[in-house]
Amino acid sequence: MTGWLEGSVTFLQTVIAGFLVVLLALGVVNLGITIVASLTTFGADDPSGVVSLIRSAIDIVLYLFVVVELYKTIVAYVEAKSVVVAVIHAGLIAVVRQIIIFKPDDYNPTEAITIAGVYVLLLVALLAGFYIVHREIEESDQLE
C-alpha cells in the first residue's frame, strides 16, 4: 500500500510540474501580447504608456521567475534532492516583486511603514539564507 501511495504522490508531483510548464508557456505568451498591445495602443512616444508597459512587463517576468523556481523545487523534490536553494530563490524573487509593485500611497503612513519594514525583514532573512546556503555549497564543492 505504501509503495502505491508513494507512486501516486510522485505521479501527482509530475503532473503539477507539467502544469507549471504550461503556466510558464502561457505567461510568456501573455508577456508578448502585453508588449504588443501596449505598443500599438500607446505607441513608443507616450511616456505614461511606456512606464505602464515597463511595470506590467516586470510584473509578468517576475511571476514567470517564481513559476520557474517552483518548477525547480518540485523537480528537486521528486528527484529527492535538496529544495532549499530553489525555495530561497523563489522567495527572493517573490519578495523583490512585492517591493517593486509596492505603492505606499495606497496606505496610511503607519501601514506603509509597517509593510515596508516587513518587506525589509523578509528580504534580509532571505538574503542571509541565500548567503549561508551558497557558502555551504561552495565549501562542500571545495572539499570534494
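Scroll up to find the structure.
If you're wondering where the values come from, they're calculated on a predicted model, not measured in any experiment.

A.B. asks: Please give an account of the packing of aromatic side chains that cites residues and values.
C.D. replies: Any aromatic ring pair is given by two values, namely how distant the centres are and how the planes are angled relative to each other. What the rule picks out here adds up to 2 aromatic pairs. Plain terms: the ring middles of Phe102 and Tyr119 are 5.6 Å apart, the flat faces sit at 90° to each other, and that makes the pair edge-to-face. With Phe102 in the loop between helix 3 (84-101) and helix 4 (109-143) and Tyr119 in helix 4, the pair connects residues that are 17 residues apart, well separated along the chain. Just as Phe102 is buried, Tyr119 falls in that class too. Aromatic rings pair up to connect Phe102, Tyr107 and Tyr119 into one cluster. We note Arg97 situated over the ring of Tyr63; from NZ or CZ to the ring centre the distance is 3.9 Å.

A.B. asks: Before we move on, can you summarise the pattern of salt bridges with the specific residues and values?
C.D. replies: Using the criterion set out here, one finds 3 salt bridges in the structure. As a salt-bridge pair, Asp59 and Arg97 come within 2.7 Å of each other at their nearest N and O atoms. Of this pair, Asp59 sits in helix 2 (residues 47-78) while Arg97 sits in helix 3, and the two are 38 residues apart along the sequence. Classification of Arg97 by relative accessible area gives buried; the value is 7%. Residue Arg135 is joined to Glu139 by a salt bridge in which the shortest nitrogen-to-oxygen separation is 3.9 Å. You can see Arg135 and its partner Glu139 sitting in helix 4, 4 residues apart, about one turn around the helix. Residue Arg135 is classed as partly exposed on the basis of its relative accessible area, which comes to 33%.

A.B. asks: So what's going on with helix 4? Which residues, and what values?
C.D. replies: What sets the pattern is the α-helix's 3.6 residues per turn: residues three or four places apart point alike. In a regular helix each residue adds 1.5 Å, so 35 residues correspond to 51 Å; helix 4 covers 51 Å between its end C-alpha atoms and thus fits that length. Those residues of helix 4 lying buried are Ala112, Tyr119, Leu126, Gly129 and Val133. Summarising the contacts, the buried residues of helix 4 are in contact with helix 3. Where helix 4 begins, one side-chain oxygen reaches toward the backbone nitrogen of Thr110, 3.1 Å away; that side chain belongs to Asn108.

A.B. asks: Can you tell me about the packing of helix 3 against helix 4, naming the residues and giving the values?
C.D. replies: Relative orientation of the contacting elements helix 3 and helix 4 amounts to 150°, with a least axis distance of 9 Å. Classed by the angle they form, the pair helix 3 and helix 4 counts as roughly antiparallel. Note that helix 3 runs across helix 4; the crossing there is left-handed. Along the contact surface, helix 3 presents Val84, Val85, Ile88, His89, Gly91, Leu92, Val95, Val96, Gln98 and Ile99, while helix 4 presents Tyr119, Leu122, Leu123, Leu126, Leu127, Gly129, Phe130, Val133, His134 and Ile137. Residues that form the contact of helix 3 with helix 4 fall into these classes: 15 nonpolar, 5 polar and no charged.

A.B. asks: Got a sec to walk through the side chain of Arg97? Specific residues and values, please.
C.D. replies: Within the local environment of Arg97, its side chain forms a polar contact with the side chain of Gln98, the two groups lying 2.6 Å apart. The residues touching Arg97, leaving out its near neighbours within four places in the chain, are Asp59, Leu62 and Tyr63.

A.B. asks: Describe the environment of Ala37, listing the residues and the values that go with them.
C.D. replies: In this structure, Ala37 sits in helix 1 (residues 2-42). For the pair formed by Ala37 and Ala25, sequence separation is 12 residues and the distance between their alpha carbons is 18 Å.

How each quantity is defined
Residues numbered from 1 in each chain as written. Predicted model: local features only at pLDDT ≥ 70, side-chain atom pairs only at ≥ 80, totals over all residues. Heavy atoms only, no water. Phe/Tyr/Trp six-rings, centres within 6.5 Å; stacked < 30°, edge-to-face > 60°. Helix = DSSP H or I, 4+ residues; strand = E, 2+ residues; numbered from the N terminus. Buried < 20%, exposed > 50% of the residue type's maximum accessible area, 1.4 Å probe, protein only. Lys NZ or Arg CZ within 6 Å of the ring centre and 35° of its normal. Salt bridge = Lys/Arg side-chain N within 4 Å of Asp/Glu carboxyl O. Expected span 1.5 Å × (residues − 1). Contact = heavy atoms within 4.5 Å. Polar contact = N/O pair within 3.5 Å; in protein donor to acceptor, adjacent residues only side chain to side chain. Axes fitted to C-alpha atoms, helices over the stretch in contact; angles between N-to-C directions. Parallel < 35°, antiparallel > 145°, perpendicular 65-115°, else oblique. Left-handed = near helix turned anticlockwise from the far one by under 90°. Nonpolar A, V, L, I, M, F, W, Y, C, P; charged D, E, K, R; others polar.

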